[in-house]
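An overview of the molecular structure
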Amino acid sequence: MTTPTESKRQYVLTACCPGIVGTTAKISGFLARRHCYITDMQQFDDILSNRFFIRCTFSRDTELSPSLDALRLEFIKPASEEGMEWAIHDDQSRTRVLIMVSKFDHCLNDLLYRHSIGELKMDVTAVVSNHPDLRKLVEWHNIPYHYLPITAETKSTQETQLKRIIDESKSDLVVLARYMQVLSDDLCHYLQGRAINIHHSFLPGFKGAKPYHQAHNRGVKLIGATAHYVTADLDEGPIIEQVVERVDHTYTPDRMVAAGRDSECAALSRAVCAHVEHRIFINGEKTVVFR
């Protein structure tokens, strides 16, 4: 007999393929024939790219259903017939996340807090920084801290060390929580689809030092933050989440910075949550994000 705990265990099937008739029926029929109960299904057909995206959560009858490994093996044939890119995840498997940070600690603090209360289904494998400032904070959470100082001369060596840490810690995702260094094109390609960055969102775009002070001087009326996947095109990767807040002439630069910190934390945590819950599909230069 299936125990209550086993019956509540969830699995997530994600797939994308060319938009053709019958894909949803093929997936639901495959699961039904194997005594899997669908608890949620979201789908989207992009008529511009002719790509179909689907995320399906289901539970298994542990007496009648195949094992997870067998499900994956049996799904290869129908997936190949549809030309799918797909995966089946055990919802209890936690994403291994490495966080990178410089000196600003608000996004790091927010992620570590959400992780500590179980809001984010992830294991933080390590924190990497080009400054030593946040070591005590990170080690208080019992997380390894790697200080990798960087200069123009040492950048290549530092990135080699970073790759080694990512590989040895078996990290699935890298989160740039206000890491104030530009990654090389080689590292961006290495992390394609598994690195998320956060930055402010302004019009016009204010680059360089103190962007919030620059924005204050120009009298902006909207501030916000954008979380996106990292690509070699600086700050132009597929957007995952954006947060916007209205400001006015009463805001001082410091108040604007504080509002910006809140936006950055919110956008980044939502993006990380969507990634670890397998809700994001990269669709060319865009994303499909299921809620």
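Heads up: these notes are all about the structure in this document. Being a predicted model, the structure only gives us computed values, none of them experimental.

Once that is clear, we can look at empty space enclosed by the protein. Evaluated as defined, the whole model comprises 1 cavity of 30 Å³ or more. Taken as a whole, the largest cavity spans an internal volume of roughly 40 Å³. Lining the largest cavity are Asp90, Asp91, Ser93, Lys121, Val276, Glu277 and His278. Considering only residue class, the lining of the largest cavity consists of 1 nonpolar, 2 polar and 4 charged.

Okay, the pattern of salt bridges next. Applying the stated criterion across every chain yields a total of 19 salt bridges. A salt bridge links Glu81 to Lys26; the nearest nitrogen and oxygen atoms lie 3.1 Å apart. Taken as a pair, Glu81 in helix H3 (residues 68-82) and Lys26 in helix H2 (residues 23-33) lie far apart in primary sequence, 55 residues in all. Looking at Glu81, the relative accessible area reads 46%, which means it is partly exposed. With a closest N to O distance of 3.4 Å, Arg291 and Glu241 form a salt bridge. Of the two residues, Arg291 sits in the segment after strand E13 (286-289) while Glu241 sits in strand E11 (residues 239-246), which places them 50 residues apart along the sequence.

The next thing to look at is the nonpolar core. Residues Ile99, Leu108, Leu111, Val127, Ile196, Leu268 and Val272 are the most contacted members of the largest nonpolar core, which totals 35 residues. If you tally residues by element for this core, the top one is helix H9 (residues 253-276), at 8 residues. For Leu111, the contacting residues outside a window of four places in its chain are Ile99, Leu120, Met122, Val175, Ala177, Leu268, Ser269 and Val272. In this structure, Tyr11, Phe58, Ala79 and Met84 belong to the second largest nonpolar core, which totals 18 residues.

Strand order in the open sheet formed by 7 strands is E7-E6-E5-E8-E9-E10-E11, and the pairing between neighbours is mixed. Both outer strands of the open sheet, strand E7 (145-147) and E11, are each paired with one neighbouring strand and no more. Geometrically, the sheet is characterised by an average inter-axis angle of 20 degrees between neighbouring strands, direction not taken into account. In this sheet, strand E9 (residues 195-200) lies alongside strand E8 (residues 173-176) in parallel orientation, the contact comprising 3 bridges. Within E9, the position partnered with Val175 by the bridge is Ile196. Sheet contacts for helix H6 (residues 155-168): strand E5 (95-101), strand E6 (122-129), E7 and E8; angle to E5, the most-contacted strand, approximately 155 degrees. Of the strands in this sheet, E5, E6, E8, E9, strand E10 (222-229) and E11 touch H9, which is tilted by about 30 degrees from E10.

Conventions and cut-offs
Residues numbered from 1 in each chain as written. Predicted model: local features only at pLDDT ≥ 70, side-chain atom pairs only at ≥ 80, totals over all residues. Heavy atoms only, no water. 1 Å grid on protein atoms, 1.4 Å probe; cavity = no way out; pocket = protein on both sides within 12 Å on 5 of 7 lines; lining within 4 Å. Points joined across faces, edges and corners; volume = space filled by probe spheres on them. Nonpolar A, V, L, I, M, F, W, Y, C, P; charged D, E, K, R; others polar. Salt bridge = Lys/Arg side-chain N within 4 Å of Asp/Glu carboxyl O. Helix = DSSP H or I, 4+ residues; strand = E, 2+ residues; numbered from the N terminus. Buried < 20%, exposed > 50% of the residue type's maximum accessible area, 1.4 Å probe, protein only. Core = buried A, V, L, I, M, F, W, Y, C linked by side-chain atoms within 4.5 Å. Contact = heavy atoms within 4.5 Å. Pairing = 2+ DSSP bridges. Axes fitted to C-alpha atoms, helices over the stretch in contact; angles between N-to-C directions.

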